[in-house]
Amino acid sequence: MLRATLRSLAAHKLRLLLSGVAVVLGVAFVAGTLVFTDTLQRTFEQLFTQTTTDVVVTPEQEFQDTSGLGGVTATLPADLVDTVRGVDGMAKAEGIVFTAGVTIIGSDGEPVGVMGAPAFGSNWSDDPDLSPYRLTDGRGPAAEGEVAIDSQSAETGGLAVGDPVTLITPGPRVTAEVVGVFRYGTSGNLAGASIAAFSTAAAQQLLPEPGFTSIEGMAAEGVSQEELAARVQAALPAGVRVQTGAEVADEQAAALTEGLQFINVFLLVFAFVALFVGTFLILNTFSMLVAQRTRELALLRAVGATRAQVTRSVLGEAAIVGLLGGLTGLGVGILLAVLLQRLFALIGFELPSEGLVVAPRTVLVAVLLGLVTTVVAAYLPARRASRTPPVAAMRSDVALPARSLHRRAIAGSVLFLGGVAALASSPAAEGRQAAALVGLGALLCLVGAIVLGPVAARPAVRLIGAVFARSATGRIAVQNAGRNPRRTATTAVALMIGLTLVTAFGVLGASTTASTDAVIDDVVRTDYLVSSRNFLPFTPEVATAVAEVDGVGLVSAVRVAPALVDGAQTVMTGVDPATIADVLALELTQGSLADLEGGGLLVDDGQAVDLGYRLGQQVPVAFQTGPTSLRVVGTYASTGGFSGYVVASSTLDEAGLTPLDQALYVQASPGTDAAGLRPALETAIEPFPVVQLQDQTEFKAQIRQQVNQLLTLIYALLGLAVLIAVLGIVNTLVLSVVERTREIGLLRAVGTTRRQLRGMIRVESVVIAVFGAMLGIVLGLGFGVALQRAIADQGIRVLSIPWGLLVAFFVVSGVVGVLAALWPARRAARLDVLQAVTTE
């Protein structure tokens, strides 16, 4: 039986090729994701270890900020450096300044670095044991007006030693001369971030208070990190945190792991979608191969093979295909990881790399995924193969008996109607319950549609095929598509799954854009918005410059800061209660904006209900500078302009947080032409290249562009599933041509031309593709609408259906059908007529 299995595999290797390709693509996506993120993890862990000293002293804070907003830059008194140096066992120690918000402006006047990546300022140290900076050109800064920059920033910003450079800081603008270029650690790559290093005195001017952000030291020979850290802790007063270098590296690695986990999950979801779609291709392949080999399998049964042996033989073929597919997918995944690295480098997000990491776990996952996916998909065809009676070997017209679709129709209807009921009830639910109902409803409807596919195949094929009914070859093609509804449905379902997700995301994206436009039109009452280009807070000097423009009537600043509310980390929005209502139409349901001053807290309705907040209630809040208590003074409807917690900006000032703005709302004074005010505003913000000026139309266009970029990424990731579905159509048609070789020969014998035969295969392909597209678009439309209704209270209030996009999907599915038929049609047209007619 083993020899028979191997011979069968060799005889049908071409027919199994596309199934293997589907496995390879799905496994490659998974393996590439794991290799890429594992490589990042190891590279940065090595970088953290290389750039960390033996002992690190930092100010004690209420919590470690994970938002990236940088609510405060805490400092240590400068005299603590001498205290640390005097600790027994300390070989050397220095004070370190390292703060965010220092942006290097390139020679073209634009900010250096990848949008959204952090920009740091630091002090320079010439001690290689205490500094991660390694000069590649020039020297370190020694006086005010001098700066050294990292090599990536120098390259991308067109800067070199001797060039003047402008830097935007949390305080005033700084103009300096580039006196040195350095690399960070051994690699020199900062993943899109930038660092500007100053003399210690100049760097300390970047801080809200004199001092250092940390003190770092090296242990004397024979003194361990743990022992030295304990001594330093004993020598210092309360309010400081002492860690070993290993603890700091582990903490940084843990934060990195948490960030990479999101990338892993995001990419792996799409990888498993592709694998799931691939199972339908594999299922169809083995179903058709078993049907075509009925007589062969019956002969095996006739010469003594048991049912179990026949089952194991078919599953053995599947296991070999899966094993080879998994190993090949691993190799392709490694190449994919290399391409991802290069893609990140092209967009400026160059990642440090010391070689790819192919962990044993990745190899095991790749092999098991290929093996399990293929064997599971082939199990049902293998079971059917084992039921072939030995007497079938004596018949020339044998075929596996068709099973009734009655039970399938009942089960599919129950599942589908249950899903519709869950989707219909989701708008009446709230919060997570609504999202859970949408998820459950979508799953039930999708499974129901898969189960009902063969039931709907024949009527749907007849409906779609009516377009081609005028020609005899068209009618034959439609009859062929409807001849085996299970096969047609399984092929179409693969395309259905991809288009379901694409359509649902399209509806959600269009609704997000429409909702944002509506919020801007209904809520924003300002003429202009000043915001950061890189999504990071900016200096309040921008607000001062804008307010001084003649013709500006009002400037209202919005700030954000990380905070702990009832123990959960969140973002606090700071506003000016006296002016915010003039620029944003906040819909208060309780309380008053005026009460925000003096420690008031405004909460959106959703959170107030979820957390049980009531007016006058004291809520425990912790900023990085320390704990406090705020009083709930009102609730408001989450319109998309704001959501979550809102306080007065003065509350953030009283907490000692760095005064940085996130956005400025600008209104022209009465009688001033807003359009005519723009040139003066552009001039006012010109010294601050990190910000941009937009009117409402431009702001809406920016939001729309961001949504479209995200959708493009999602469509690209889902494109793999659609590609596998297309391969499924090709595979079905190729095997169908093999199965109908004699029929095709007879058609050619009675006068059918090669052109007509190719057209017949194309029509069959288009009918299958359009059937899958119809199912996918209808399901995706339903899921998208239900999801929008369920999250309407989260700001996606306007339902928008992208009809043009849906029509495009439908048209493209027809084109996909034509393209998928090219190879099968050519193969069918080239069959030798005499050989085809005599084929058994």
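Residues numbered from 1 in each chain as written. Predicted model: local features only at pLDDT ≥ 70, side-chain atom pairs only at ≥ 80, totals over all residues. Heavy atoms only, no water.

A. Structural view of the overall build of the chain. In terms of helices and strands, the chain carries 25 helices and 22 strands. Its C-alpha atoms put the chain at 100 × 70 × 50 Å along the principal axes. Looking at the chain as a whole, 53% of its 840 residues qualify as buried. Across the chain, every contact between residues at least 6 apart in sequence was considered, and the portion connecting residues at least 24 apart equals 83%. For the chain, the accessible surface area stands at approximately 36,400 Å², while carbon and sulfur atoms represent 60% of it. Of the charged side chains in the chain, 55 are positive and 67 negative; the average position of the first set lies 32 Å away from that of the second. (Helix = DSSP H or I, 4+ residues; strand = E, 2+ residues; numbered from the N terminus. Buried < 20%, exposed > 50% of the residue type's maximum accessible area, 1.4 Å probe, protein only. Contact = heavy atoms within 4.5 Å. Areas by Shrake-Rupley, 256 points an atom, 1.4 Å probe, with all protein chains shown as cover. Lys, Arg positive; Asp, Glu negative; His and termini not counted. Charge placed at Lys NZ, Arg CZ, Asp CG, Glu CD.)

B. Up close: the domain arrangement of the chain. Under the domain assignment used here, the chain contains domain 1 (1-52 + 245-397), domain 2 (53-244), domain 3 (452-523 + 697-840) and domain 4 (528-694). Across the contact, 27 residues belong to domain 1 and 28 residues belong to domain 3. In this structure, the connection of domain 1 to domain 3 is made through zero salt bridges. Only helix H2 (13-50) and helix H7 (245-292) provide two or more residues apiece to the side of domain 1 that touches domain 3. Here the side of domain 1 that touches domain 3 gets 17 residues from one element, more than from any other, and that element is H7. (Domains from an automatic or database assignment. Salt bridge = Lys/Arg side-chain N within 4 Å of Asp/Glu carboxyl O.)

C. Structural view of the nonpolar core. Judged by nonpolar contacts, the single largest core of 97 residues is most densely connected at Met496 and Ile497. Sort the elements by how many residues they give to this core and helix H22 (residues 754-790) lands first, with 17 residues. Residues lining this core come from more than one domain, with at least three contributed by each of domain 1 (1-52 + 245-397) and domain 3 (452-523 + 697-840). Discounting chain neighbours no more than four positions away, the residues touching Ile497 are Phe276, Val277, Phe280, Leu446 and Ile450. Counting 38 residues, the second-largest nonpolar core is a separate cluster that includes Val81, Ala176, Val181 and Val232. (Core = buried A, V, L, I, M, F, W, Y, C linked by side-chain atoms within 4.5 Å.)

D. Structural detail: the packing of H22 against helix H23 (residues 803-820). The geometry of H22 relative to H23 is characterised by a closest axis approach of 7 Å and an angle of 155° between their N-to-C directions. It follows from the interaxial angle that H22 and H23 lie roughly antiparallel. Considering how the two elements wind past one another, H22 and H23 form a crossing that is right-handed. Along its contact with H22, which presents Arg762, Ser765, Val766, Ala769, Val770, Ala773, Met774, Ile777 and Leu781, the element H23 presents Trp803, Leu806, Phe809, Phe810, Ser813, Gly814, Gly817, Val818 and Ala820. (Axes fitted to C-alpha atoms, helices over the stretch in contact; angles between N-to-C directions. Parallel < 35°, antiparallel > 145°, perpendicular 65-115°, else oblique. Left-handed = near helix turned anticlockwise from the far one by under 90°.)

E. Representation of H23 within the structure. With 18 residues, H23 extends 25 Å between its outermost C-alpha atoms, agreeing within 8% with the 26 Å of an ideal straight helix rising 1.5 Å per residue. All of the buried residues in H23 are Leu806, Phe809, Ser813, Gly814, Val816, Gly817 and Ala820. Down the axis of H23, the buried set is contained in an arc of 155°. They therefore lie on one face. Exposed positions of H23 whose direction lies more than 90 degrees from the buried face are Gly804, Val807 and Leu819. (Expected span 1.5 Å × (residues − 1). Arc of directions from axis to C-beta.)

F. Examining the packing of aromatic side chains more closely. What the rule picks out here adds up to eight aromatic pairs. Summarising the aromatic geometry, the rings of Tyr133 and Phe182 are spaced 4.6 Å apart at their centres and angled 40° between planes, so their arrangement reads as tilted. On the criterion of sequence distance, the pair formed by Tyr133 in strand S6 (residues 133-138) and Phe182 in strand S9 (residues 174-184) is long-range, its members being 49 residues apart. An angle of 70° between the planes, with centres 5.3 Å apart, marks the rings of Phe266 and Phe270 as edge-to-face. One end of the pair, Phe266, and the other, Phe270, are both in helix H7, four residues apart, so they sit about a helical turn from each other. Taken together, the ring pairs connect Trp124, Tyr133, Phe182 and Tyr184 into an aromatic cluster. (Phe/Tyr/Trp six-rings, centres within 6.5 Å; stacked < 30°, edge-to-face > 60°.)

G. Spatial organisation of the packing of helix H13 (residues 472-483) against H22. Where H13 contacts H22, the axes come no closer than 8 Å and their chain directions differ by 45°. Between H13 and H22, the angle falls in the class oblique. Considering how the two elements wind past one another, H13 and H22 form a crossing that is right-handed. Residues Thr473, Gly474, Ile476, Ala477, Asn480 and Ala481 of H13 form the contact with H22, whose own contacting residues are Gln756, Met760, Val763, Glu764 and Val767.

H. How the structure looks around the pattern of salt bridges. Per the stated rule, a full pass over the model turns up 15 salt bridges. Close ionic contact of Arg678 with Asp695 constitutes a salt bridge, the shortest N to O distance being 3.8 Å. Of this pair, Arg678 sits in helix H19 (residues 674-685) while Asp695 sits in the loop between strand S22 (691-694) and helix H20 (696-739), and the two are 17 residues apart along the sequence. Take Arg678: its relative accessible area is 18%, and that puts it in the buried class.

I. Quick look at the sheet that holds strand S11 (residues 214-219). As summarised here, the arrangement of the four strands in space is S2-S11-S1-S12, forming an open sheet in which the pairing is antiparallel. Either end of the sheet is taken by a strand with one partner, and the two such strands are strand S2 (90-96) and strand S12 (240-244). Between one strand axis and the next, the sheet turns by 20° as a mean value, whatever way the strands run. Inspection of the sheet shows strand S1 (residues 55-59) paired to S11 by three bridges, in the antiparallel sense. Counterpart to Val57 in the pairing with S11 is Ile215. Strands S1, S2, S11 and S12 of the sheet are contacted by helix H6 (residues 225-235), whose axis makes an angle of about 170° with S12. (Pairing = 2+ DSSP bridges.)

J. The arrangement of a positive patch on the surface in detail. A grouping of Arg754, Arg755, Arg758, Arg826 and Arg830 is seen on the molecular surface, where their side chains present a positively charged patch. The biggest single contributor to the positive patch is H22, with three residues. As for its placement among the helices and strands, Arg758 is situated in helix H22. (Patch = residues over 30% accessible without salt bridge, like charges linked within 9 Å, V, L, I, M, F, W, Y side chains within 5 Å.)

K. Just the confidence of the model for the chain, in detail. Summarising the model, the chain shows a mean pLDDT of 84, and 90% of its residues fall at 70 or more. Within the chain, the lowest mean pLDDT, 67, falls on helix H1 (residues 2-11), and the highest, 94, falls on strand S7 (residues 146-150). Here residues 396-400 is a poorly scored stretch, pLDDT under 50, and it has nine contacts once near neighbours within four places are set aside; other chains count. (pLDDT = per-residue confidence, 0-100.)

L. The arrangement of a nonpolar patch on the surface in detail. Together, Val807, Val811, Val815, Leu819 and Leu822 line one region of the surface with nonpolar side chains, adding up to about 450 Å² of accessible area. Considering each element in turn, the nonpolar patch owes the most residues, four residues, to H23. If you trace the backbone, Leu822 turns up in helix H24 (residues 822-829). According to the relative accessible area criterion, Leu822 is partly exposed, its value standing at 49%.

M. Up close: the pairing of S22. Side-chain alternation along S22 places Val691 and Leu693 on one buried face and Gln692 and Gln694 on a second face that is also buried. Two strands pair when backbone bridges link them, and strand S13 (residues 528-532) and S22 are joined in this way by four bridges, in the antiparallel orientation. Its bridge partner being in S22, Ser532 is matched across the sheet by Val691.

N. Seen up close, the environment of Ile476. Following the sequence through the fold, Ile476 ends up in helix H13. For Ile476 and Val763, which are 287 residues apart along the polypeptide, the C-alpha to C-alpha distance reads 9.4 Å. Setting aside chain neighbours within four positions, we find Ile476 in contact with Leu747 and Met760.

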